[in-house]
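Each chain, letter by letter, is given below.
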Amino acid sequence: MKLIEDIKKAEEKAEKLKQDADKKGRSLIEQEREKGEKQLASLSEIRGKLMEKKIAEAKRDADKEIKKLEQEYNGSLTALKDKHKKKKAKSIKEVQDLILKWPLSQ
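Below is a short write-up of the structure. Computed from a predicted model, the values in this text were never measured in an experiment. (Residues numbered from 1 in each chain as written. Predicted model: local features only at pLDDT ≥ 70, side-chain atom pairs only at ≥ 80, totals over all residues. Heavy atoms only, no water.)

### Description of the overall build of the chain
Thought 1: Counting its regular elements, the chain contains 1 helix and 0 strands.
Thought 2: Taking 13 Å as the expected radius of gyration for a compact globule of 106 residues, we find that the chain reaches 45 Å, considerably beyond that expectation.
Thought 3: The C-alpha extent of the chain, read off along each of the three principal axes, is 150 × 20 × 10 Å.
Thought 4: Counting all 106 residues of the chain, 0% fall into the buried class.
Thought 5: Accessible surface, the chain: about 10,700 Å² in total, of which carbon and sulfur atoms supply 59%.
Thought 6: Separation between the mean location of the 30 positive side-chain charges and that of the 22 negative ones in the chain comes to 10 Å. (Helix = DSSP H or I, 4+ residues; strand = E, 2+ residues; numbered from the N terminus. Rg over C-alpha atoms; globule rule 2.2 N^0.38 Å. Buried < 20%, exposed > 50% of the residue type's maximum accessible area, 1.4 Å probe, protein only. Areas by Shrake-Rupley, 256 points an atom, 1.4 Å probe, with all protein chains shown as cover. Lys, Arg positive; Asp, Glu negative; His and termini not counted. Charge placed at Lys NZ, Arg CZ, Asp CG, Glu CD.)

### Looking at the pattern of salt bridges
Thought 1: This structure, assessed with the given rule, holds 5 salt bridges.
Thought 2: One salt bridge connects Lys35 with Glu32, and the closest N-O pair in it is separated by 3.5 Å. Residue Lys35 and its partner Glu32 are located together in helix H1 (residues 2-101), separated by 3 residues, close to a single helical turn. (Salt bridge = Lys/Arg side-chain N within 4 Å of Asp/Glu carboxyl O.)

### Some thoughts on the environment of Lys23
Thought 1: With respect to the helices and strands, the residue Lys23 is situated in helix H1.
Thought 2: For the pair formed by Lys23 and Leu3, sequence separation is 20 residues and the distance between their alpha carbons is 30 Å.

### Considering the environment of Glu57
Thought 1: Take Glu57: it is sitting in helix H1.
Thought 2: Assessed through its relative accessible area of 27%, Glu57 is described here as partly exposed.
Thought 3: Sequence separation of Glu57 and Lys38 is 19 residues, and the distance between their C-alpha atoms is 29 Å.

Following this line, the structure appears as structure tokens:
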């Protein structure tokens, strides 16, 4: 009889230990899940900041390149305008000389 009672007590104790272990395991899993979510949020925030930094760098580089191209464009445009003025003045003078040299214009 005592042996049966001891076995029942041992089984009850084992069941209680099993339930406690189950609760503890679920608690640990939940704690690790929360830690993982926090780490994921932290990584996401770091990723966002890094992306913003890289985008800012790319924008600066693009702005520098655009400024350089604009300067080249403006230099080329100025050179073309100067050539046009010189050639226009030269062409007008040549046409005037031709008109003055033309026999009927005298």
